[in-house]
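Each chain, letter by letter, is given below.
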Amino acid sequence: MFRWLIADGFIPSTSQGQLESHESLCIVNPHSNDASVQIKVFFEDRDPIEGIAVVCPSGRTRHIRVDTLTGSDGRTVPRGVPYAMELTCPLEVGVQLSRLDSTQSQLALMTVSGVRVST
């Protein structure tokens, strides 16, 4: 089992202009089998969101808006709240998080790679 951590997540709660502030989780699967990825979302002041499962098809990418991820208890990742993620998968895939911050007219785009850690 492979594991990745993304320590800095934050979906801005406001937007200006035509582009909505958001974060996207990007997964690339270079393997000949589909990759089943489990996601756990951590917070500073509340219990984690667990039970999030996504599939990245063989030889494909998945770009998933973080605010659309839903845990087994029905909770979603709120805007304006810091969070972190743990992803686990039996296949070694590529993991990246991108943030579009359009809270100001001079929007910003940030991208970070998930840090692979040993299990």
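Placed above this text is the structure.
Residues numbered from 1 in each chain as written. Predicted model: local features only at pLDDT ≥ 70, side-chain atom pairs only at ≥ 80, totals over all residues. Heavy atoms only, no water.

Asks: Explain the overall build of the protein chain to me, please; I cannot follow it from the model alone.
Replies: When you go through the protein chain residue by residue, the secondary structure sums to zero helices and nine strands. Secondary structure elements of the protein chain, listed N to C terminal, follow the sequence β-β-β-β-β-β-β-β-β. Relative to the compact-globule value of 14 Å for 119 residues, the protein chain shows a C-alpha radius of gyration of 14 Å, a close match. Relative to its full complement of 119 residues, the protein chain shows a buried share of 37%. Contacts spanning at least 24 positions in sequence make up 70% of the contacts within the protein chain whose residues lie at least 6 apart. Accessible surface computed for the protein chain: about 6500 Å², of which carbon and sulfur atoms make up 49%. Separation between the mean location of the 10 positive side-chain charges and that of the 13 negative ones in the protein chain comes to 4 Å. (Helix = DSSP H or I, 4+ residues; strand = E, 2+ residues; numbered from the N terminus. Rg over C-alpha atoms; globule rule 2.2 N^0.38 Å. Buried < 20%, exposed > 50% of the residue type's maximum accessible area, 1.4 Å probe, protein only. Contact = heavy atoms within 4.5 Å. Areas by Shrake-Rupley, 256 points an atom, 1.4 Å probe, with all protein chains shown as cover. Lys, Arg positive; Asp, Glu negative; His and termini not counted. Charge placed at Lys NZ, Arg CZ, Asp CG, Glu CD.)

Asks: When you look at the sheet that holds strand β9 (residues 115–117) in this model, what are you seeing that I'm missing?
Replies: Sheet strands line up and pair through hydrogen bonds in the backbone, either parallel or antiparallel. Here we have five strands laid out as an open sheet, ordered β4-β3-β6-β1-β9, and antiparallel in their pairing. With partners counted over all chains shown, the strands left at the sheet margins are β4 (49–56) and β9, one partner each. Neighbour to neighbour, the strand axes of the sheet diverge by 30° on average, direction disregarded. The pairing of strand β3 (residues 35–43) with strand β6 (residues 83–89) spans six bridges and is classified as antiparallel. Paired with valine 41 across the bridge in β6 is methionine 85. (Pairing = 2+ DSSP bridges. Axes fitted to C-alpha atoms, helices over the stretch in contact; angles between N-to-C directions.)

Asks: I tried to follow the pairing of β4 on my own but got confused; where do I start?
Replies: Summarising the sheet, β3 and β4 pair through six bridges and their orientation is antiparallel. Considered in β4, the bridge of valine 37 is made with valine 54. Hairpin remark: β3 followed by β4, antiparallel, with five residues in the connecting loop.

Asks: Just to check I follow, could you spell out the pattern of salt bridges for this structure?
Replies: Side chains bearing opposite charge may pair, as long as their charged atoms lie close to each other. Taken as a whole and assessed by the stated rule, the structure comprises seven salt bridges. For the salt bridge of aspartate 67 with arginine 65, the shortest nitrogen-to-oxygen distance reads 3.2 Å. Judged by relative accessible area, which is 23%, aspartate 67 ranks as partly exposed. With relative accessibility at 28%, the residue arginine 65 sits in the partly exposed group. (Salt bridge = Lys/Arg side-chain N within 4 Å of Asp/Glu carboxyl O.)

Asks: Teacher, can you tell me more about the nonpolar core here?
Replies: Counting 27 residues, the largest nonpolar core has Ile39, Met85 and Leu87 as its most contacted members. Where this core is concerned, the elements lending two or more residues are β1 (2–9), β2 (22–29), β3, β4, β6 and β7 (94–101). (Core = buried A, V, L, I, M, F, W, Y, C linked by side-chain atoms within 4.5 Å.)

Asks: Is there a simple way to explain the side chain of glutamate 86 in this structure?
Replies: One can find glutamate 86 in strand β6. Glutamate 86 gets classed as buried once you look at its relative accessible area, which sits at 16%. One polar contact links glutamate 86 to arginine 3, side chain to side chain, over a distance of 3.2 Å. Look past the residues within four positions of glutamate 86 in its chain and what remains in contact with it is Arg3, Trp4, Leu5, Gln38, Ile39, Lys40 and Phe42. (Polar contact = N/O pair within 3.5 Å; in protein donor to acceptor, adjacent residues only side chain to side chain.)

Read these as layout, nothing more, since geometry by itself doesn't imply function.
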